[in-house]
Amino acid sequence: MTTALAGTGPAQKVTALAGTELTLVVRNRTLAVSSVLLPIALGVFWAFSLGRGPEVWPMVVALQVAVTLGMGLYVTGTQTLVARRHARVLQRLRTSGISDGGLLLATLTPALAIALAQLVIFAVIDVVIGGPVPSNWPALVALVLGGIALMVGAALATSVVTPTPERAQITTLPMVFLMLGAAIAMVLIPATGWLQALLLVPGAGVGMLVRLMFGGEVGLGPTLGTVAATASLLVWAAVFIRLAAHRFRWDPRNG
């Protein structure tokens, strides 16, 4: 792989590596089922089984977004990082001229592509079967960007404590469940009161942004609520990235 990247510029190398990574992920049947097909199946099931009233759609969308970011992005990203590190691919590619940031970006590109594709699929399905169109577009943009940042940071941090690709199925479970639980809770809890403090939990910002996206009320108001929920996602993303930055193991012999 290093030889194939020789003689090109940094951007071309990152693009070529990202394309190779996407091919490898698609060919991995286990990963394709658990991170691509299963989230889509769950999202479609929730859309058709939980009802289609206006009060139900925020919960459905929160579930869809949480499972997409949690399984499509976070689990896939963690497994890919650990698999490449375990095979010493990351260590070898550091001599290819790609920066560490570019190398990690290319490695995570398949997970990002899968998550974005799933979000688009759910958006189309929801609208076709009568789901509401978002009325707060800043909240939608913040949801996508903040959610991606959180899950990328969490994938980097989790890969540090995951010794083998097979263990990723276990080490990622707590964050996936936390993401689902926090997102649903923020959609269902009262608009005001001490329960709003759940926004401090990783992933809770997803639920609040979904709520605001469809015109729902929160105690902070739509503008301040959007800012607070986005800040929650980004702060946790920064915490995870900082934890990973000092401990990421390029060589499996280091620990």
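Residues numbered from 1 in each chain as written. Predicted model: local features only at pLDDT ≥ 70, side-chain atom pairs only at ≥ 80, totals over all residues. Heavy atoms only, no water.

Draft legend 1. Focus on the overall build of the protein. Along the backbone of the protein there are ten helices and zero strands. The secondary structure elements of the protein, listed N-terminal to C-terminal, are α-α-α-α-α-α-α-α-α-α. Put simply, of all contacts in the protein between residues at least 6 apart along the chain, 77% involve residues at least 24 apart. When the accessible surface of the protein is summed, it comes to about 11700 Å², and 71% of that surface belongs to carbon and sulfur atoms. (Helix = DSSP H or I, 4+ residues; strand = E, 2+ residues; numbered from the N terminus. Contact = heavy atoms within 4.5 Å. Areas by Shrake-Rupley, 256 points an atom, 1.4 Å probe, with all protein chains shown as cover.)

Draft legend 2. The layout of surface pockets, seen in detail. By volume, the largest pocket amounts to about 370 Å³. Every residue lining the largest pocket is counted, 21 residues in all, and those nearest its centre are Val61, Leu119, Ala123, Leu140 and Met213. The element that contributes the greatest number of residues to the lining of the largest pocket is helix H5 (residues 100–128), accounting for seven residues. Per-class residue counts for the lining of the largest pocket are 18 nonpolar, two polar and one charged. (1 Å grid on protein atoms, 1.4 Å probe; cavity = no way out; pocket = protein on both sides within 12 Å on 5 of 7 lines; lining within 4 Å. Points joined across faces, edges and corners; volume = space filled by probe spheres on them. Nonpolar A, V, L, I, M, F, W, Y, C, P; charged D, E, K, R; others polar.)

Draft legend 3. Here's a closer look at the side chain of Asn136. If you trace the backbone, Asn136 turns up in the loop between H5 and helix H6 (137–160). On the accessibility criterion, Asn136 (15% relative accessible area) is buried. Ignoring any residue separated from it by four or fewer positions in sequence, one finds Asn136 in contact with Leu212, Met213, Pro222 and Thr226. (Buried < 20%, exposed > 50% of the residue type's maximum accessible area, 1.4 Å probe, protein only.)

Draft legend 4. Expanded view of the confidence of the model for the protein. Predicted confidence across the protein gives a mean pLDDT of 82, with 79% of residues reaching 70 or more. Taken element by element, the predicted model of the protein shows its lowest mean pLDDT in helix H4 (residues 89–93) (63) and its highest in H6 (93). (pLDDT = per-residue confidence, 0-100.)

Draft legend 5. Quick look at the nonpolar core. Core analysis: the largest hydrophobic core is formed by 59 residues, its most contacted members being Leu69, Leu73, Tyr74, Met151 and Val206. Sorting the residues of this core by element identifies helix H2 (29–49), helix H3 (57–86), H5, H6, helix H8 (173–188), helix H9 (204–213) and helix H10 (222–245) as the ones contributing at least two each. Looking at which element gives the most residues to this core, the answer is H3, with 14 residues. The contact partners of Leu73, leaving out residues within four places of it in the chain, are Thr68, Ala111, Leu112, Ala115, Ile148, Met151 and Val152. (Core = buried A, V, L, I, M, F, W, Y, C linked by side-chain atoms within 4.5 Å.)

Draft legend 6. Structural detail: the packing of H3 against H9. Relative orientation of the contacting elements H3 and H9 amounts to 140°, with a least axis distance of 9 Å. Here H3 lies oblique to H9, going by the angle between them. Read as a crossing pair, H3 and H9 show a hand that is right-handed. Counting all contacts with H3, which are made through Pro58, Val61, Ala62, Val65 and Leu69, the residues of H9 involved are Val206, Val210 and Met213. Residues belonging to the contact of H3 with H9 are distributed by class as follows: eight nonpolar, no polar and no charged. (Axes fitted to C-alpha atoms, helices over the stretch in contact; angles between N-to-C directions. Parallel < 35°, antiparallel > 145°, perpendicular 65-115°, else oblique. Left-handed = near helix turned anticlockwise from the far one by under 90°.)

Draft legend 7. Structural detail: H8. Taking 1.5 Å of rise per residue, 16 residues should cover 22 Å, and H8 covers 23 Å from first to last C-alpha, within 8% of that figure. Restricting attention to buried positions, one finds in H8 the residues Met175, Val176, Met179, Leu180, Ala182, Ala183, Met186 and Val187. The inward-facing, buried residues of H8 abut H3, H6, H9 and H10. (Expected span 1.5 Å × (residues − 1).)

Draft legend 8. Local environment of the environment of Ala183. Along the chain, Ala183 falls in helix H8. On the basis of relative accessible area, Ala183 is assigned to the buried category, the value being 0%. Here the alpha-carbon distance between Ala183 and Leu63, two residues 120 residues apart in the chain, equals 7.2 Å.

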